[in-house]
Amino acid sequence: MKKFIPSSKLHYDEDDADFAHRELMVYHPDEDAIRYVKLLLPVTQEIEQFLRERSALAKQLSMTLDPEVVEKQAESKLAKNTEASRLAPLGGARKKNDRWLVEDARAELKYKFVEESERLKKQNKGRRNQVRVYEWEEPLKLLTQQQSSPDEKLRERDTALFEQLKKRGAFRFTGSSFSGDRALEGLRCLRGSQPHFSDVIEFLEGQVLMAIELETPQRINPVLIVGPPGIGKTHFTLDLARALERPVHRHSFDSSHTADSLTGGDRHWANSEPGLVFKAVCLTDRGDPLILLDEIDKSTGYRTGNPLAPLHTLLEPLTACTVTDISLGLTFDASHAFWVATANDISLVPETIRSRFRVFNIKAPTAEQALELAHNVAVIVHDRFTGFQAPSRQVITALAPLTPREQVQALEHAFAVALLNGRKHLVIQDLPAEVMDLGGDDAPRPTRLH
C-alpha cells in the first residue's frame, strides 16, 4: 500500500491569491487504506497550525499501518506482558484470567446441579436415595481463595480438589427407605453372629424401621459402645457397617491425633490437609458413611488441643448440617453420617461428649453365645485360608472362652502349624498351648472373656 505524506508546500491559485491547494492524507477504515486528497484552503496562521498537527498525526498513522512496524510493536508488547506476568504473578492480567476461570467454573457447576436436581425430582419419594451435601457454588471457594495464597502446592491441591468435586456434583447416595429391607436383613444376620450386641442391634432396627415408615433417608443417632478390652467392639462395628451397606472410616484415638484430624488443619501451615469428615462425606459416593471413633476414652492428655472438640458440632444434627473444613474453607452437610464410638472406660469420656451418644454397655457373652461367636469367627478366618477344611467343632469349642481378638490370633497360629505339618485340616494340637488349657473337650468358660 502506497503511503502519502502531506506536503507543507503552498500551491497558490493564480486566480485567487488568498487561497491555496493543500495535500492531505485521509484514512478510510472500511477499506483499511489511506487516500490522498487536495483541498483549496485559506492561507492563515490557524490553517497552517492545523496542517502541521495533521501532518504529524498522519505520519504516526502511516507508521502504525506499516506491516513491519505493526509486527515489531506486537512483539514488543508481548514481551512486556510476559515480563510483567513473571514479575507480578498476581497482577491485573492474571486476576482477569482468574476471574474468567471462576465464571466458567460457576457455569459448569450450575448446569450440573440443575441437571441433577431435575433428575431427582422425577424419582418417587420412597425411592429417593440422594441428598445434597453442599451448596452447588461451594467448591468455587477453592478457586477464589487461590488469588490470595502464595503457596503453589496449596493452589495445586485446591485445583485438584475442585476438579474432583465438580465431577461428583453436590449430591451423594444414602441409605433410603427403599434399601431398608436389606438393612434389616443384615441386622438380623448380625444378631445371629454376635448375640451379645443384641441391645445395640435392636436400637438400630428401630431407627431403620422409622426411616421406612417416614420414607426418609436413614439417619441413625450416634452410638457409644462401652465394654472391656478385646470383647469385640471394633469387630462388631466393622460387621455393622457391612450389614448397613455403608462405607466405614476409622479414626483411632490410641495414637497422636488433634482436632485437625476430623475437621482439617489450619490453612497457614504448609502440611494443611482436609479432615477425615470432609473426605468421608464429600470425596466418596456416599453421604452417610459410618465413622468409627475407636477407643475414644484415650483422647485425654493431648498437649496440642482437644481432639474431641469438633464432636460438639459434628454429633448435633442441627449444627452438623453446616460443618466447615478448616483447611479448605468449605461448608458441607455431615448430618447423615452415622457415628459409632468405642470405649473401655466411660468415665474418661467428657460428659458433654457422652451426652451426645446413645450409650450401650456390653457384657461378656454367655456360654451358648460364646460358642456361637467362636463359630462365626472361625467361618470368617477360614475364608482367608482357601484350600483348608473348616475348623471342627472340637477346635471351635476350644476357642469359645477367648475374646474375638484372641480367637482370630489362635486360628491364624493353628493354620500355620497345620501347614508346617503338611496338613490342610486343623487338629486341637495346632492351637496355642494356653488355648488348650482353657478349652478342649470341656465346656467353654465364659468367665475367661474380658
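Residues numbered from 1 in each chain as written. Predicted model: local features only at pLDDT ≥ 70, side-chain atom pairs only at ≥ 80, totals over all residues. Heavy atoms only, no water.

Asks: Would you take a moment to explain the pairing of strand S8 (residues 290–294) for this structure?
Replies: Remark: a regular strand shows side chains that alternate across the two faces of the sheet. The buried fraction of S8 amounts to five of the five residues, a majority that puts the element mostly inside the structure. A two-sided burial pattern is seen for S8, the buried positions comprising Leu290, Leu292 and Asp294 on one face and Ile291 and Leu293 on the other. Looking at chain direction, S8 and strand S11 (residues 338–343) are connected through four bridges and run parallel. Among the inter-strand pairings, Leu290 is bridged to a residue of S11, identified as Phe338. (Buried < 20%, exposed > 50% of the residue type's maximum accessible area, 1.4 Å probe, protein only. Helix = DSSP H or I, 4+ residues; strand = E, 2+ residues; numbered from the N terminus. Pairing = 2+ DSSP bridges.)

Asks: I tried to follow the environment of Pro217 on my own but got confused; where do I start?
Replies: Here Pro217 shows up in the loop between helix H7 (198–214) and strand S6 (223–226). Each C-alpha atom of the pair Pro217 and Val131 lies 8.3 Å from the other, and the pair is 86 residues apart in sequence.

Asks: Quick question: what am I supposed to make of the packing of aromatic side chains here?
Replies: The geometry of an aromatic ring pair comes down to the distance between the two centres and the angle between the two planes. Here the structure, examined in full by the defined rule, presents seven aromatic pairs. Feature note: the residues Phe385, Phe388 and Phe415 constitute an aromatic cluster, connected by ring pairs. When the ring centre of Phe388 is taken as origin, the NZ or CZ atom of Lys424, which lies over that ring, is 5.5 Å away. (Phe/Tyr/Trp six-rings, centres within 6.5 Å; stacked < 30°, edge-to-face > 60°. Lys NZ or Arg CZ within 6 Å of the ring centre and 35° of its normal.)

Asks: Whenever I open this one, the environment of Leu39 confuses me. Can you help?
Replies: Assignment of secondary structure puts Leu39 in strand S3 (residues 33–42). For the pair formed by Leu39 and Ala20, sequence separation is 19 residues and the distance between their alpha carbons is 8.1 Å. Setting aside its immediate chain neighbours within four residues, Leu39 contacts Ala20, His21, Arg22 and Leu24. (Contact = heavy atoms within 4.5 Å.)

Asks: I keep staring at the environment of Leu120 and nothing clicks. Help me out?
Replies: Mapped onto the elements, Leu120 comes out in helix H3 (residues 92–121). Taking the relative accessible area as the measure of exposure, Leu120 reaches 7% and is therefore buried.

Asks: Would you mind showing me how to read the side chain of Gln407 here?
Replies: Within the secondary structure, Gln407 sits in helix H16 (residues 404–420). Reaching out from Gln407, the side chain makes a polar contact with the backbone oxygen of Leu402 at a distance of 3.1 Å. Each residue touching Gln407, except ones within four places of it in the same chain, is listed here: Leu373, Ala374, Val377, Leu399, Ala400 and Leu402. (Polar contact = N/O pair within 3.5 Å; in protein donor to acceptor, adjacent residues only side chain to side chain.)

Asks: Teacher, can you tell me more about the pattern of salt bridges here?
Replies: Proximity of charged atoms lets side chains of opposite charge pair with each other. By the definition in use, this model includes 21 salt bridges. For Glu163, the salt bridge identified is with Lys166, shortest N-O distance 3.3 Å. Pair noted here: Glu163 and Lys166 are both in helix H5 (residues 152–168), with a separation of three residues, about one helical turn. A residue is classified by how much of its surface remains accessible, and Glu163, at 39% relative accessible area, is partly exposed. What makes Lys166 buried here is its relative accessible area of 19%. (Salt bridge = Lys/Arg side-chain N within 4 Å of Asp/Glu carboxyl O.)

Asks: Where do I start with the confidence of the model for the protein in this structure?
Replies: When pLDDT drops low, the exact placement of atoms in the prediction is not to be read closely. Scored by pLDDT, the protein has a mean of 81; 75% of the residues are at 70 or more. Confidence over residues 1–16 falls short of pLDDT 50; this stretch has 35 contacts with residues more than four positions distant or in other chains. Confidence over residues 439–450 falls short of pLDDT 50; this stretch has 33 contacts with residues more than four positions distant or in other chains. (pLDDT = per-residue confidence, 0-100.)

Asks: Would you mind going over H7 with me for this structure?
Replies: Spacing of three or four residues puts side chains on the same side of an α-helix, whose turn is 3.6 residues. Taking 1.5 Å as the rise per residue, H7 with 17 residues should run 24 Å; its terminal C-alpha atoms sit 24 Å apart, in good agreement. Turning to H7, its buried residues number three or more, namely Val200, Ile201, Phe203, Leu204, Glu205, Gln207, Val208 and Ala211. Among the structural elements, helix H6 (180–193), S6, helix H8 (233–243), S11 and strand S12 (358–361) are those in contact with the buried residues of H7. Looking one or two places after H7, you find Glu215, whose phi comes out positive at around 55°. (Expected span 1.5 Å × (residues − 1).)

Asks: Can you help me understand the side chain of Asp239 in this one?
Replies: Among the secondary structure elements, Asp239 is positioned in helix H8. Residue classification places Asp239 among the buried residues on the basis of a relative accessible area of 11%. Excluding residues within four positions of it along the chain, Asp239 makes contact with Leu190 and Gln194.

Asks: Would you mind showing me how to read the sheet that holds S11 here?
Replies: Each strand in a sheet pairs with another by means of backbone hydrogen bonds, the pair being arranged parallel or else antiparallel. Ordered in space as S7-S8-S11-S6-S12, the five strands form an open sheet in which the pairing is parallel. The sheet terminates laterally at strand S7 (248–252) and S12, the two strands that pair on one side only. Mean inter-strand twist for the sheet, computed between neighbouring axes without regard to direction, equals 20°. Relative to S12, S6 runs parallel, the two being bridged by four bridges. Paired with Leu224 across the strands is Val359, a residue of S12. (Axes fitted to C-alpha atoms, helices over the stretch in contact; angles between N-to-C directions.)

Asks: Looking at this model, I keep getting lost on the packing of H6 against H7. Mind explaining?
Replies: Packed helices, taken two at a time, are described by their axes: the angle between them and the distance between them. Interhelical geometry of H6 versus H7 gives an angle of 170° and a closest axis separation of 10 Å. In this view, H6 runs roughly antiparallel relative to H7, as classed from their interaxial angle. For the pair H6 and H7, contact is made by Gly180, Asp181, Ala183, Leu184, Leu187, Arg188, Leu190 and Arg191 and by Ser198, Ile201, Glu202, Leu204, Glu205, Val208, Leu209 and Ile212, respectively. (Parallel < 35°, antiparallel > 145°, perpendicular 65-115°, else oblique.)

Asks: What is the right way to look at unusual backbone geometry in this model?
Replies: Residues other than glycine predominantly adopt negative phi, and peptide bonds predominantly adopt the trans conformation. Positive phi values are uncommon outside glycine, yet Glu215 reaches one of about 55°. Mapping Glu215 onto the fold places it in the loop between H7 and S6. On the accessibility criterion, Glu215 (39% relative accessible area) is partly exposed. A positive phi angle, close to 60°, is found at Glu245, a residue other than glycine. Tracing the backbone through its elements, the reader meets Glu245 in the loop between H8 and S7. Owing to a relative accessible area of 38%, Glu245 belongs among the partly exposed residues under this scheme.

Asks: Would you explain the packing of helix H14 (residues 367–382) against H16 in this entry?
Replies: For the pair H14 and H16, the least separation of the axes is 10 Å and the interaxial angle reads 45°. The angle between H14 and H16 falls in the class oblique. Both H14 and H16 take part in a crossing whose hand is right-handed. From H14, Leu373, Ala374, Val377, Ala378, Val381 and His382 reach across to H16, where they touch Pro404, Gln407, Val408, Leu411 and Phe415. For the contact of H14 with H16, the residue count by class is nine nonpolar, two polar and no charged. (Left-handed = near helix turned anticlockwise from the far one by under 90°. Nonpolar A, V, L, I, M, F, W, Y, C, P; charged D, E, K, R; others polar.)

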